[in-house]
Amino acid sequence: ETAHGRGSFVTRLAPREHTTPMMHLLSSQPRTLYDLFEVRSVLEAESARLAALRGTPADFVLITRRYEEMTQVGECDAETHARLDHAFHLAICEASHNPILVHTLQSLTDLLLSSVFASVNNLYHREKEKRTIDRQHARLYNAVLGKLPDQARRAAAEHTRSVAECLREIEREEQRLVRATLRLEGWK
């Protein structure tokens, strides 16, 4: 969620009574969103690399289903987009056939959904950013299914880095607007 004059914040997708200490940290310290993107980059890049190396035909069918659900959803709310986006990335992780990696990502589901929701909520309505994300997902999908581990790793890492940078730019843009408005009001 972007609040005028305050910046971007992660919106809670789970009811408050289910808030974990990590979710509390994320909601109380918005800057940790970028720490989460760093973790996502590391985990998802390795997941993609391993999926390209170890994925089975059945894994590729599941990844394809998740990819098609995500890309063919049409107009829907940000939460639905976020859940479909997350399911695509999780299908890739499951194709890594590393149970520790899968469990680690699954244990971070609420956090990861929050970061995906932040990107969907703030970027999907911006046509240029949405096209970029769609291209990045396509590159990731094609690299994994093409069994190109280095390209899959790079595609996943570039995707998370790019989304985090776009969110940072939205914050900087918001800060510039606030400063300009304050200057304008000072001239009254």
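If you're wondering where the values come from, they're calculated on a predicted model, not measured in any experiment.

Undergrad: Would you take a moment to explain the confidence of the model for the protein chain for this structure?
TA: Atom-level detail of predicted coordinates should not be read off regions where pLDDT is low. On average, the protein chain scores 82 in pLDDT, and the residues at 70 or more come to 82%. Per-element confidence in the protein chain ranges from a low mean pLDDT of 52 for helix α1 (residues 21–28) to a high of 97 for helix α3 (residues 57–71). For residues 13–17, every residue scores under 50 in pLDDT, and the model assigns this stretch five contacts once sequence neighbours within four places are set aside.

Undergrad: Explanation requested: the environment of Thr-71 in the structure shown.
TA: Note that Thr-71 resides in helix α3. Residue Thr-71 is classed as partly exposed on the basis of its relative accessible area of 39%. In this structure, the C-alpha to C-alpha distance between Thr-71 and Asp-85, residues 14 residues apart in sequence, is 8.9 Å.

Undergrad: For this particular structure, what's the right way to read empty space enclosed by the protein?
TA: One simple way to see leftover space: roll a probe sized like a water molecule over the atoms. Overall, the coordinates contain four cavities of 30 Å³ or more when judged by the stated rule. Counted as a void, the largest cavity has a volume near 70 Å³. In this structure, the largest cavity is lined by Met-70, Thr-71, His-81, Asp-85, Tyr-124, Lys-130, Asp-134 and His-137. Those elements giving two or more residues to the lining of the largest cavity turn out to be α3, α4 (78–94) and α7 (127–145). Here the residues of the lining of the largest cavity sort into two nonpolar, three polar and three charged. Taken together, Glu-44, Ser-47, Ala-48, His-89, Ile-92, Cys-93, Leu-140 and Ala-156 make up the full set of residues lining the second largest cavity. At the level of elements, α2 (32–54) and α4 are the ones that each hand at least two residues to the lining of the second largest cavity.

Undergrad: It is not clear to me how unusual backbone geometry should be interpreted in this structure. Could you clarify?
TA: The residue His-97 is not glycine, and still its phi comes out positive at about 55°. Along the chain, His-97 falls in the loop between α4 and α5 (99–107). By relative accessible area, His-97 is classed as partly exposed at 42%. Positioned with a positive phi, Lys-147 is a non-glycine residue whose angle comes to about 55°. If you trace the backbone, Lys-147 turns up in the loop between α7 and α8 (149–186).

Undergrad: For this particular structure, what's the right way to read the nonpolar core?
TA: Buried together is how nonpolar side chains tend to be arranged in soluble globular proteins. Counting residues in each nonpolar core, the largest one holds 20 residues, and the members touching the most others are Ala-48, Ile-63, Phe-88, Ile-92, Leu-140, Val-144 and Ala-152. Listed in part, the 16 residues of the second largest apolar core include Val-120, Ile-133, Ala-164 and Leu-167.

Undergrad: Is there a simple way to think about the side chain of Ser-41 in this case?
TA: You can see Ser-41 is positioned in helix α2. Within the structure, Ser-41 has its side chain in polar contact with the side chain of Thr-160 (distance 3.3 Å). Excluding its chain neighbours within four sequence positions, the residues that come into contact with Ser-41 are Ala-157 and Thr-160.

Procedures and definitions
Counting restarts for each chain: residues are numbered from 1 in the order of the written sequence. At least 70 in pLDDT is required for a residue's local features to be given in this predicted model, at least 80 for side-chain atom pairs to be given and counted, and no such filter applies to totals for whole chains, interfaces and linings, which use all residues. Computation of side-chain values covers all heavy atoms of the structure but excludes hydrogens and water. Each residue carries a pLDDT score, the predictor's confidence in it, ranging from 0 to 100. Segments assigned H or I by DSSP are reported as helices when at least four residues long, segments assigned E as strands when at least two residues long, and all are numbered from the N terminus. The contact criterion used throughout is that any non-hydrogen atoms of two residues lie within 4.5 Å. Each residue's exposure class comes from its accessible area (1.4 Å probe, protein chains only) as a fraction of the maximum for that residue type: buried when under 20%, exposed when over 50%, partly exposed otherwise. We place a 1 Å grid over just the protein atoms. Points where a 1.4 Å probe fits but has no way out form a cavity, open points with protein on both sides within 12 Å along at least 5 of 7 lines form a pocket, and any residue with an atom within 4 Å of a point lines it. Grid points are joined across faces, edges and corners, and a volume is the space filled by probe spheres set on the points. Amino acid classes used here: Ala, Val, Leu, Ile, Met, Phe, Trp, Tyr, Cys and Pro are nonpolar; Asp, Glu, Lys and Arg are charged; the rest, including Gly, are polar. To form a nonpolar core, buried Ala, Val, Leu, Ile, Met, Phe, Trp, Tyr and Cys residues must be joined to one another through side-chain atoms within 4.5 Å. What qualifies as a polar contact is a pair of N or O atoms within 3.5 Å, subject to a donor-acceptor requirement within protein and to the restriction that residues adjacent in sequence count only when both atoms come from side chains.

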